[in-house]
Amino acid sequence: MSNFNRFNHKSLINPAYHDSEQYIPLKDIPFRKAAELYAINPEMVYSIRAMYRSTSDYGDQIIGIVNPETAPDDVFRIAFPHKFVETINVDDAGLISDCNNGLARFYITQYHSKRFNKDLNDFKFI
């Protein structure tokens, strides 16, 4: 377990209070869906502030605590596609460093799935 995990599962430093010890409880950070964000602005780039692995009835999933680059105080959680569970290690020192230094960024794309006959979203890392 890394030092990063202690923040992921409990709270996040409130961006408005960098110089104090005020935290946002994880339960107070809302979830947003990729389709909703893509519909609002398909060209928006998001910064990943933290990540953690979550287990539910649907299996493991990577959850990101992110914000739009244009609105650093608009913090929310988003579930990454299941395909990233095997490739993203939330304890990886390089990924943690990228998140802490503001280098972990992505944008959302949309494609049509012939298999499910509907539009789906994917994440492209920058």
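Residues numbered from 1 in each chain as written. Predicted model: local features only at pLDDT ≥ 70, side-chain atom pairs only at ≥ 80, totals over all residues. Heavy atoms only, no water.

Student: Give a detailed account of unusual backbone geometry, specifying residues and quantitative values.
Tutor: Notably, Asn117 is not glycine yet its phi reads approximately 55°, a positive angle. Note on placement: Asn117 falls in the loop between strand S6 (105–113) and strand S7 (118–125). (Helix = DSSP H or I, 4+ residues; strand = E, 2+ residues; numbered from the N terminus.)

Student: Could you give an account of the side chain of Asn67, with specific residues and numbers?
Tutor: Tracing the chain through its elements places Asn67 in strand S4 (residues 59–68). With sequence-adjacent residues up to four places away left out, Asn67 is seen in contact with Val45, Tyr46, Ser47, Arg49, Pro72, Asp74, Val75 and Phe76. (Contact = heavy atoms within 4.5 Å.)

Student: If you had to explain helix H3 (residues 93–100) to someone new, which residues and values would you point to?
Tutor: Between the side-chain oxygen at the start of H3 and the backbone nitrogen of Gly94 there is a gap of 3.0 Å, and the oxygen is on Asp92. Just past H3, the residue Gly102 takes up positive phi, approximately 75°. (Polar contact = N/O pair within 3.5 Å; in protein donor to acceptor, adjacent residues only side chain to side chain.)

Student: Quick rundown of the nonpolar core? Include the residues and the values.
Tutor: If you look at the biggest cluster of nonpolar residues, it comprises 20 residues, and the most contacted ones within it are Ile48, Ile78 and Phe106. It is strand S3 (residues 45–56) that contributes the most residues to this core, three residues altogether. Beyond its immediate sequence surroundings of up to four residues, Ile78 is in contact with Phe31, Arg32, Lys33, Ala34, Leu37, Ile62, Ile63, Gly64, Val66, Phe106, Ile108 and Phe123. Core analysis: the second largest hydrophobic core is formed by seven residues, Leu26, Ile29, Ala50 and Ile65 among them. (Core = buried A, V, L, I, M, F, W, Y, C linked by side-chain atoms within 4.5 Å. Buried < 20%, exposed > 50% of the residue type's maximum accessible area, 1.4 Å probe, protein only.)

Student: Let's hear about the packing of aromatic side chains: which residues, and what values?
Tutor: Each aromatic ring pair is described using two quantities: the centre-to-centre distance and the angle formed by the ring planes. In this structure the tally under the stated criterion is nine aromatic pairs. Taking 6.3 Å as the distance between ring centres and 85° as the angle between the ring planes, the aromatic pair formed by Phe80 and Phe84 counts as edge-to-face. Considered together, Phe80 and Phe84 belong to a single accessibility category, that of buried residues. Plain terms: the ring middles of Phe80 and Phe125 are 6.0 Å apart, the flat faces sit at 25° to each other, and that makes the pair stacked. A residue pair is termed long-range when its members are at least 10 positions apart, and Phe80 in the loop between strand S5 (76–79) and H3 and Phe125 in strand S7 qualify at 45 residues. With relative accessibility at 0%, the residue Phe80 sits in the buried group. Members of the aromatic cluster, joined through ring pairs, are Tyr46, Phe76, Phe80, Phe84, Phe106, Phe123 and Phe125. Seen from the ring of Phe76, Arg32 lies directly overhead, with NZ or CZ sitting 5.0 Å from the centre. (Phe/Tyr/Trp six-rings, centres within 6.5 Å; stacked < 30°, edge-to-face > 60°. Lys NZ or Arg CZ within 6 Å of the ring centre and 35° of its normal.)

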